[in-house]
Every structure is written in C-alpha cells, then in structure tokens.
Amino acid sequence: MDFDVLILFIALSVILLGTLGFFLVQGGKLLPKDKREQYLTQRDPDDLPSGGVDTLEAPAEDRPGTEEPTLGDGVDLLEEPTVEEPSVETPEPVAGRLARLRARLVKSNNIFGRSLLALLSRDEIDEDVWDEIEEVLLMADLGTEPTMELVDRLRERVKVEGTKDPAVVKSMLTEELTALVDPTLDRRLTVSADGRPAVLMVVGVNGVGKTTTVGKLARMLVAEDKDVLLGAADTFRAAAAEQLSTWGHRVGVPTVKSDVEGADPASVAYEAVDRGVELEVDVVMIDTAGRLQNKSNLMDELGKVKRVVEKKSAVDEVLLVLDATTGQNGLNQAKVFSEVVNVTGIVLTKLDGTARGGIVVAIQRQLGVPVKLIGLGEGPDDLAPFDADEFVAALLEDR
C-alpha cells in the first residue's frame, strides 16, 4: 500500500473514532428536552448524577431566573433591606420587684445581720461585746448618733428582759432597727398633679447612675400605667441624651432633647415640661447633668434649671441619686444638693450588699427626707420602692 494512502487512512480513522466518542458522551444532551427527561427517569437510581435529575444544567433559555430583571417585573434593584423596629418592652410589675429585691439582699454578703445577732446571743454581754456591736454599726454607715441610740436601747432591753434566746434577741434588734429606719415616713412618689403633669427632677454627682435611674424609674411608672415624658437636660455629657432616649424608646416613652451639643440645660428642661403639658402626660422626668457638690458654679446652674422649670410648672419631686457605697461622702453630697434644690427624696443605688445598709438611717437623719427608691442590681427592672420593714427583715436574715 502506498505510504500516502496509509497516512490518509489513519487520519480518517482518528476522525471517525473521535466523532463516534463525541456522540456517545453527549448523545443524551442532543435529545429533545422531553426525550432527555424520559431517558433520565429510566436510569437506575445509583446511575444518576449526584443530586438527581434537577442537578443537570438546562440550557439558558430553559432555566428559570436567568432573564435580566427589570423594574417592570416588580423587582426593585435599589431596594434596601427592611430593618424591623424593636418591639416595646413590658416592664416587670412593681409589686413583684420588692420580693425579688429582698431575696437578692438576703443572699448578699450579710455580715451586718450575722455579726450583730452573734454578738447579742453570747452567754455574757460585757463592755467589750457592746464595743464590738458599736463597731459593726459604725462600719455599716449607721452614723455616730443613731449608733449610740441603738446601743443604748438594746442595752436597756437586754438588761431588763435578761434573755439570751436568739429568737428573742433577733426580735428586739428588728424592732429597734425598724424604729431607726422609721416606717412612718411618707415614701410615696408624687406622680400626679391636678390639671398638669407631675414634674420630677433627678439630681446627683457624676457617676452615681442618674440617667440609668431615670430610665428605670420610667419603666416602673409605665408598669403602673402612667404616661411619661423624659427631658434630657444633661447636655454636658455627649452620650447622655442618646442613652436616655434609648431607655425611653424601649418602653414607648418619648424624650425631649437638643440636637445642639452643650445646649442650655434649663431651656431643654423647660421645653420638656412644655411638651408634657401639650401632650397631657402624667409625669415629666428631667435628667440633669452630674454636679460636683464643691463647685459652686455648677450647683448654681442646677438651681437655675429648677427656677426656669417653675416658670412653667411646679416641681413636685427632686430625687437625689446616691451611691450607697460612698458612705459619709454621700452624706456630704446630700447636704449640699438639698440646700440648692430642696431634695424631696433619695434614690440609693448599688445597695446590693448589706454591709453598708445603715446609710439609709444616716441619710434620712441628715436631710430629714426619706429614702424612696433603692436599686439592687444592673437589670432594667432592678429598682423598687423602699419599704422599711422589708429592708430591716432582709438585713437581719440569718440564712
């Protein structure tokens, strides 16, 4: 055979074999769509491609979703993701808070109650024991005068009754401490007024938690079905207005604030009361800037806020927020604030340990005004009305 003919024969054979292989591999896809689907459904399950029939790629014209979207098809190419508004929270009922807060106080580091009960239950109570009792009371920030009063009363009762029964001793101590805390004081908040909103101002030094206290108190009032409006008159701290607004937003309470950094706090407070009157709310609460009690110009500014508000409405409550852990320093703060804005009630924060529980007595003696609210935790509903009997019972809980 001629060599050229042989080469031609080999080339034709290669082309023929390649064409045959192509038809064998791609034959299924050359079938019409209906025939191809019939063919695939007749194959054994273990011979189907991974994922079954639907994983085979159809021609572009047969695949859904491959056409270019247009505005006429109802697809907005510029549509932004929808941001869901957070739902309004339902604050915990006030009645349930007191029991929960007492339980927390009972579980805290109750050195105060245990120490006193242990000392008073000894077989012999001599002068050294009485000195130890005085020391425990003073360390609890009860104050010198109340401490001496309590010790003198207990001395007399122990001497007269001559008992060492722990139950009797505890009963005596409970009665005397309760008398010092004074359950006869009116601790109710003024949250209603005739023909206008009740106006509450919240004052205190830096860092005691005024803004947080206003937010928690708003929750408490909402739980009692009060319509509340907040005034962000702390215009010196950049984040204060936003923080207060966030607290209000969580329970559906509006906040009046200024968009101007460093705005006049008296103007913001006045505007808040004005809006409260317009909206016929029950309570307007005004958050004020933290003040250093030894800075006369700052305290004068606080007095100005109160005077400007009173041009629109009387101020029904001035609540002084104090950190229970500050001890005697808190007493000094309370005295100065009371002179400037006539404090009507105390809010004690961070009272989550009973070692300094005596501060309640000392503050009330110093100012002549009651502790009205206490905070025992960081939770949004960890603020409750103060109750003298419950507080003393928790102080002397021995379990």
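Residues numbered from 1 in each chain as written. Predicted model: local features only at pLDDT ≥ 70, side-chain atom pairs only at ≥ 80, totals over all residues. Heavy atoms only, no water.

Q: Could you give an account of the overall build of the protein chain, naming the residues involved and the relevant values?
A: A tally of regular secondary structure across the protein chain gives 14 helices and 8 strands. Scored against the burial criterion, the 399 residues of the protein chain give a buried share of 41%. Considering only contacts within the protein chain whose residues lie at least 6 apart along the sequence, 75% involve residues at least 24 apart. Of the accessible surface of the protein chain, which amounts to about 21700 Å², a share of 52% is contributed by carbon and sulfur atoms. (Helix = DSSP H or I, 4+ residues; strand = E, 2+ residues; numbered from the N terminus. Buried < 20%, exposed > 50% of the residue type's maximum accessible area, 1.4 Å probe, protein only. Contact = heavy atoms within 4.5 Å. Areas by Shrake-Rupley, 256 points an atom, 1.4 Å probe, with all protein chains shown as cover.)

Q: Tell me about the pattern of salt bridges, and name the residues and values.
A: Enumeration according to the criterion identifies 22 salt bridges in this entry. Between Glu176 and Arg153 there is a salt bridge, with its nearest N and O atoms 3.6 Å apart. Of this pair, Glu176 sits in helix α7 (residues 166-181) while Arg153 sits in helix α6 (residues 144-161), and the two are 23 residues apart along the sequence. Exposure remark for Arg153: the relative accessible area of 34% places this residue in the partly exposed category. With its nearest N and O atoms 2.9 Å apart, the salt bridge here joins Asp186 to Arg188. Residue class for Asp186 comes out partly exposed when judged on its relative accessible area of 44%. One continuous salt-bridge network, built from bridges that share partners, spans Glu145, Glu149, Arg153, Arg157, Glu161, Glu175, Glu176 and Arg365. (Salt bridge = Lys/Arg side-chain N within 4 Å of Asp/Glu carboxyl O.)

Q: Could you give an account of helix α9 (residues 240-250), naming the residues involved and the relevant values?
A: Each turn of an α-helix holds 3.6 residues, which means side chains three or four residues apart point in the same direction. All of the buried residues along α9 are Ala240, Ala241, Leu244, Ser245, Trp247 and Gly248. Along the axis of α9, the buried positions cluster into a sector of 160 degrees, meaning they face one direction only. Where α9 is buried, its residues meet α8 (210-223), β2 (228-233), β3 (255-256) and β4 (283-288). Among the residues trailing α9, Gly252 stands out with phi positive, at a value near 75 degrees. (Arc of directions from axis to C-beta.)

Q: How would you sum up the confidence of the model for the protein chain? Please name residues and give values.
A: Within the protein chain, residue pLDDT values average 77, and 74% of them lie at 70 or more. Low confidence marks residues 27-85, where pLDDT is under 50. Its contacts with residues over four positions away, or in another chain, come to 27 contacts. (pLDDT = per-residue confidence, 0-100.)

Q: Which residues make up unusual backbone geometry, and what are the values?
A: Phi is positive for Asp225, close to 65 degrees, though the residue is something other than glycine. As for its placement among the helices and strands, Asp225 is situated in the loop between α8 and β2. A positive phi angle is found at Asn342, which is not glycine, with a value near 55 degrees. For Asn342, the position within the fold is in the loop between α12 (328-341) and β6 (345-349).

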